[in-house]
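Below are the chains, spelled out letter by letter.
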Amino acid sequence: MTSGSPEQGPLNREGRAFARFSFEDIEVFQIFEGSVSRELDAAFFSNVSAETVETVLQANGFPPGRIPNSYTVTIARIGGSLVMFDAGLGEHGRPKSGQLLANMKAAGLDPSGLSAIVVTHFHPDHIFGLMTANDEQVYPDLPIYVPAAEYDFWTRSDAIPRQRQALAERIRRTLPQWSNIVRYENDAEILPGLTAIASHGHSAGHTSVLLSSGAAQICVTGDVTNIPPFNMHHPQWYLAADDDPQQAASTRERMLDWAASDGVICTGYHWGMPGIGRVVRRAAGYGLEALEMT
Ligand SMILES: [Zn+2]
């Protein structure tokens, strides 16, 4: 491994900076942004005990007592555009995360070559990479497409939960001041070949994006699920990070059922590298058949 390469770990077993895939004329880069882990606490799922979570973690080769998490940013070349989906934690998660720009470079991608950024939702690990530690824009010259329902909730709602107040404040002092923010509606064609699919629940306006070209279909699911052994295998587990756990669970069931039935290739922001594959049905719940990295 060369210096500066991502660390190997359970969510990036080969220590890869990126992986590249082609589907007809869609090119998909999965860029590793970093990984963090935190102590397992009883509140991580509201309807599952810490003991059960621990058993699942150990059965899947994760270190005991820690909640694993990683971030994989999808960048797609489609319809003449190079589009990035979400922007990582940026300067806010270093040194373990914030590797997006370095790993884009490793993939041969220059941020100046991007045509647009499409955001799935406004949780920190998806939008803090849009801003410096001083709240300045990292990509001031790019259109940043955001779900209208998400934008309206975070900028206008007076029902922000207490644990999300600081996040809402940061959003309110940044995004509304940026002239390059473009709101997109449910079901809209955001850009040629990119369709918004409302997948609300993880956050009020969480939205997934379907990439289509010819027979190829790839769904950027965002945070419809966390790591596969958690709520992909167990869609009814209520994740504390889901702002509306019941809605998130029914969205998960709907999206996973659709992806498995239609054979849609999906990406998942927290699935670990390569973070892309086919959703398959299991005896209970769903699983991920990750695509092979070449
Ligand atoms: Zn996330």
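Before reading further, recall that the structure is shown in the block above.
Rules behind the numbers
Residues numbered from 1 in each chain as written. Predicted model: local features only at pLDDT ≥ 70, side-chain atom pairs only at ≥ 80, totals over all residues. Heavy atoms only, no water. Buried < 20%, exposed > 50% of the residue type's maximum accessible area, 1.4 Å probe, protein only. Helix = DSSP H or I, 4+ residues; strand = E, 2+ residues; numbered from the N terminus. Pairing = 2+ DSSP bridges. Contact = heavy atoms within 4.5 Å. Polar contact = N/O pair within 3.5 Å; in protein donor to acceptor, adjacent residues only side chain to side chain. 1 Å grid on protein atoms, 1.4 Å probe; cavity = no way out; pocket = protein on both sides within 12 Å on 5 of 7 lines; lining within 4 Å. Points joined across faces, edges and corners; volume = space filled by probe spheres on them. Nonpolar A, V, L, I, M, F, W, Y, C, P; charged D, E, K, R; others polar. Donors = N, O, S within 2.8 Å, 3.2 Å for Na, K, Ca; no water. Axes fitted to C-alpha atoms, helices over the stretch in contact; angles between N-to-C directions. Core = buried A, V, L, I, M, F, W, Y, C linked by side-chain atoms within 4.5 Å.

(A) Region of interest: the pairing of strand 3 (residues 66-78). Counting buried positions along strand 3 yields 11 of 13 residues, so the element is predominantly enclosed. In terms of strand pairing, strand 2 (residues 26-39) meets strand 3 through 12 bridges, oriented antiparallel. Residue Q30 lies in a different strand from strand 3, and its bridge partner there is T74. In textbook terms, the turn of a hairpin is the stretch between consecutive antiparallel strands, and for strand 3 and strand 4 (residues 81-85) this stretch comprises 2 residues, one of which, G79, has a positive phi near 55 degrees.

(B) Structural detail: the environment of Q30. Considering the arrangement of structural elements, one finds Q30 in strand 2. As for Q30 and G275, which are separated by 245 residues in sequence, their C-alpha atoms are 7.0 Å apart. If near-sequence neighbours (up to four positions away) are discounted, Q30 is found in contact with A17, F18, A19, F21, T72, V73, T74, T267, M273, P274, G275 and I276. Separated by 3.0 Å, the side chain of Q30 and the backbone oxygen of G275 make a polar contact.

(C) Structural view of the layout of surface pockets. Approximately 490 Å³ is the volume found for the largest pocket. Looking at the lining of the largest pocket residue by residue, the class counts come to 10 nonpolar, 7 polar and 4 charged.

(D) Layout of the environment of S208. Here S208 lies in strand 10 (residues 207-213). According to the relative accessible area criterion, S208 is buried, its value standing at 0%. Note: C-alpha distance between S208 and A196 (12 residues apart in sequence) is 6.0 Å. Each residue touching S208, except ones within four places of it in the same chain, is listed here: T195, A196, I197, S199, C219, V220, T221, V224 and M255. Looking at S208, its side chain comes within polar contact range of the side chain of S199, at 2.8 Å.

(E) Local environment of the pairing of strand 6 (residues 144-147). Residues I144 and V146 point to one face of strand 6 and Y145 and P147 to the other, with burial holding for every one of them. Two elements, strand 5 (residues 116-118) and strand 6, share 2 bridges in a ladder whose sense is parallel. Of the residues in strand 6, the one forming a bridge with V118 is Y145. Here 4 bridges tie strand 6 to strand 7 (residues 181-184), and the two strands are oriented parallel to one another. By the bridge assignment, Y145 is partnered in strand 7 with V182.

(F) Representation of the coordination of the zinc ion in the model. Of the protein atoms, only D125 (OD), H126 (NE2), D223 (OD) and H270 (NE2) coordinate the zinc ion, at distances of 2.0 to 2.2 Å. Sequence spacing of the donor residues for the zinc ion, all on one chain, is D-H-x96-D-x46-H. Remark: H270 occurs in the loop between strand 12 (265-267) and strand 13 (276-281) and D223 occurs in the loop between strand 11 (216-220) and helix 6 (228-232); sequence separation between them is 47 residues. In this structure, D223 and H270 share a single accessibility class: buried.

(G) Just the sheet that holds strand 7, in detail. Overall, mixed pairing links the 7 strands, which are arranged 1-2-3-4-5-6-7 in an open sheet. The sheet is open, and its two borders are formed by strand 1 (18-23) and strand 7, each paired with just one other strand. The sheet shows a mean angle of 25 degrees between the axes of neighbouring strands, taken without regard to direction. Across the face of the sheet, helix 4 (residues 148-156) comes into contact with strand 6 and strand 7 while running at roughly 80 degrees to strand 6.

(H) Quick peek at the nonpolar core. Ranked by internal contacts, the top residues of the largest apolar core, which has 36 residues, are I75, M84, F122 and L130. Among the elements of the structure, strand 2, strand 3, strand 4, helix 2 (100-106), strand 6, helix 4 and helix 5 (165-174) are those that each provide at least two residues to this core. Ignoring sequence-local partners within four residues, the contact set of F122 consists of I127, V146, P147, E150, Y151, W154, L167, I171 and L175. F23, Y145, L194 and V220 belong to the second largest nonpolar core, which has 28 residues in total.

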